Amino acid sequence: ACIGGNYEKRDYYQKSIRDGSAMQFAVGLQVRDPSFFFSSAIRHEGEFLGAAIVRLNSDELLHFFARDTGPSMVIDRHGMVVVSTSDE
C-alpha cells in the first residue's frame, strides 16, 4: 500500500536527504498503524535519487523483543516509552 507514495514531507525522508539515513516513530500515511520508519538515501555520483524506506509495525517490534527473557523497552529521545514487553 505504501509503494509509490510521496513521502518527501516526512521527517525520516528529509533527514535521509540531509544525513544519509534516519528513523522515526509515526502513524503511517497509507497504513494508519503506529510504526517505526527507517530510511536510507539512494545516491548516484553524489546526486540524491530517493530513499529506501522500511516500515516496522510497533506490534511486530514488540514480538521481536518478546524473544528475550527479560523486559525490554523502546524509548524515544524525549524519554517516552513507545514499546514495552513489561505489563507493569
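One can find the structure itself at the top, above this paragraph.
None of the values given here were measured: they were computed from a predicted structure.

(A) Focus on helix α1 (residues 11-19). Tyr12, Tyr13, Lys15 and Ser16 are the residues of α1 that are buried. Projection of α1 onto a plane perpendicular to its axis shows the buried side chains occupying an angular sector of 165°, all on one side. Next to the buried residues of α1 lie β1 (21-27), β2 (34-44) and β3 (47-57). Of the residues one or two after α1, Gly20 is the one with positive phi, at around 100°.

(B) Geometry of the side chain of Ser39. Within the secondary structure, Ser39 sits in strand β2. A polar contact of 2.7 Å, which involves the side chain of Ser39, links it to the backbone oxygen of Tyr12. Discounting chain neighbours no more than four positions away, the residues touching Ser39 are Tyr12, Tyr13, Ser16, Gly20, Ser21, Ala22, Ala52 and Ile53.

(C) Representation of the packing of aromatic side chains. Tallied over the full model, the rule gives three aromatic pairs. Taking 5.0 Å as the distance between ring centres and 0° as the angle between the ring planes, the aromatic pair formed by Tyr12 and Phe37 counts as stacked. Within this pair, whereas Tyr12 is found in helix α1, its partner Phe37 is found in strand β2, the two being separated by 25 residues in sequence. Under the relative-accessibility criterion, Tyr12 is labelled buried at 2%. Using a relative accessible area of 6% as the deciding quantity, one classes Phe37 as buried. Taking 4.8 Å as the distance between ring centres and 55° as the angle between the ring planes, the aromatic pair formed by Phe25 and Phe36 counts as tilted.

Rules used throughout
- Residues numbered from 1 in each chain as written.
- Predicted model: local features only at pLDDT ≥ 70, side-chain atom pairs only at ≥ 80, totals over all residues.
- Heavy atoms only, no water.
- Buried < 20%, exposed > 50% of the residue type's maximum accessible area, 1.4 Å probe, protein only.
- Helix = DSSP H or I, 4+ residues; strand = E, 2+ residues; numbered from the N terminus.
- Arc of directions from axis to C-beta.
- Contact = heavy atoms within 4.5 Å.
- Polar contact = N/O pair within 3.5 Å; in protein donor to acceptor, adjacent residues only side chain to side chain.
- Phe/Tyr/Trp six-rings, centres within 6.5 Å; stacked < 30°, edge-to-face > 60°.

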